[in-house]
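# Structural features, examined
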Amino acid sequence: MVAVALALGTRAAVTALLSSPQAAALAVRYASNKTGGSSKSLSGKSPGKRFGIEKMEGHYVHAGNIPGTQCHFRWHPGAHVGLGKKKCLHALEQGTVRYTKEVCVPHPNNSEAVDLVPKLPKGAVLCKTCPHGSCQA
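Because the structure is a prediction, the values reported are computed rather than measured.

Conventions used here
Residues numbered from 1 in each chain as written. Predicted model: local features only at pLDDT ≥ 70, side-chain atom pairs only at ≥ 80, totals over all residues. Heavy atoms only, no water. Helix = DSSP H or I, 4+ residues; strand = E, 2+ residues; numbered from the N terminus. Buried < 20%, exposed > 50% of the residue type's maximum accessible area, 1.4 Å probe, protein only. Contact = heavy atoms within 4.5 Å. Areas by Shrake-Rupley, 256 points an atom, 1.4 Å probe, with all protein chains shown as cover. pLDDT = per-residue confidence, 0-100. Phe/Tyr/Trp six-rings, centres within 6.5 Å; stacked < 30°, edge-to-face > 60°. Lys NZ or Arg CZ within 6 Å of the ring centre and 35° of its normal. Polar contact = N/O pair within 3.5 Å; in protein donor to acceptor, adjacent residues only side chain to side chain. Patch = residues over 30% accessible without salt bridge, like charges linked within 9 Å, V, L, I, M, F, W, Y side chains within 5 Å. Salt bridge = Lys/Arg side-chain N within 4 Å of Asp/Glu carboxyl O. 1 Å grid on protein atoms, 1.4 Å probe; cavity = no way out; pocket = protein on both sides within 12 Å on 5 of 7 lines; lining within 4 Å. Points joined across faces, edges and corners; volume = space filled by probe spheres on them.

## Quick look at the overall build of the protein
Of regular secondary structure, the protein possesses three helices and seven strands. The N-to-C order of helical and strand elements in the protein reads α-α-β-β-β-β-β-β-α-β. The burial tally for the protein puts 18% of its 137 residues in the buried class. In the protein, of all internal contacts separated by at least 6 residues, the share reaching a separation of at least 24 is 56%. Accessible surface for the protein amounts to roughly 11,200 Å². Of this, 58% is attributable to carbon and sulfur atoms.

## Here we look at the confidence of the model for the protein
Interpretation of this model should avoid reading the predicted coordinates in detail wherever pLDDT is low. Per-residue confidence for the protein averages 78 on the pLDDT scale, and 75% of its residues sit at or above 70. For the protein, the element scoring lowest by mean pLDDT is helix 1 (residues 2-8), at 51; strand 2 (residues 60-61) scores highest, at 93.

## A short note on the packing of aromatic side chains
The tally for this structure, following the rule as stated, stands at zero aromatic pairs. Over the ring of Phe 73 we find Lys 87; its NZ or CZ atom is 5.8 Å from the centre of that ring.

## Section: the side chain of Thr 129
Examined against the element boundaries, Thr 129 turns out to sit in strand 7 (residues 127-135). For Thr 129, the side chain forms a polar contact with the side chain of Lys 101, separated by 3.3 Å. With sequence-adjacent residues up to four places away left out, Thr 129 is seen in contact with Arg 74, Trp 75, His 76, Tyr 99, Thr 100 and Lys 101.

## Comments concerning a nonpolar patch on the surface
On the surface, Val 103, Val 105 and Val 125 cluster together into a nonpolar patch covering about 320 Å² of accessible area. Among the structural elements, Val 125 can be located in the loop between helix 3 (111-116) and strand 7.

## Considerations on the layout of surface pockets
If a probe the size of a water molecule is rolled over the atoms, the empty space left behind becomes visible. By volume, the largest pocket amounts to about 500 Å³. If you go around the largest pocket, you meet 17 residues; those closest to its centre are Phe 73, His 76, Cys 104, Glu 112 and Leu 116. Of all elements in the fold, only helix 3 and strand 7 reach the threshold of two or more residues within the lining of the largest pocket.

## Description of unusual backbone geometry
Backbone geometry at His 80 places phi at a positive 65°, although glycine is not the residue there. Along the chain, His 80 falls in the loop between strand 3 (68-69) and strand 4 (81-83). Owing to a relative accessible area of 32%, His 80 belongs among the partly exposed residues under this scheme. We note that Lys 87 has phi near 65°; this positive angle belongs to a residue other than glycine. Residue placement: Lys 87 occurs in the loop between strand 4 and strand 5 (89-91).

## Looking at the side chain of His 132
Of note, His 132 is situated in strand 7. Among the residues examined, His 132 registers a relative accessible area of 10% and is labelled buried. At 2.8 Å, the side chain of His 132 forms a polar contact with the side chain of Thr 100. Among the polar contacts made by the side chain of His 132, one reaches the side chain of Glu 102 at a distance of 3.3 Å.

What follows is the structure, given as structure tokens:
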């Protein structure tokens, strides 16, 4: 190739072939705005509250054990069972757990009972479930 350029005798051809290739001016484009990323909806992704019965009927509990947690009054404290700040039930003494149904006669001034009692079918009895701790000495 150099021989061809010399044969032609043109100085421009020789300098073009022998000179190092010039770096082409590359246009580097940078982002004018930073990427914002995508937002993700986290609704409905929270962990469960773990409400419910932890100690079933016949289980042995020590004083301070929690037989059940609840958000609304589903179970009412019975004998040897206390009620915590957030309506959680805890054993006051050691023993076995028993669940009973008791007839509930609500107070007439209770607003929930005033709404609930007329909706019950005729002859229905309003009951509440109570966990009890039977003491073993």
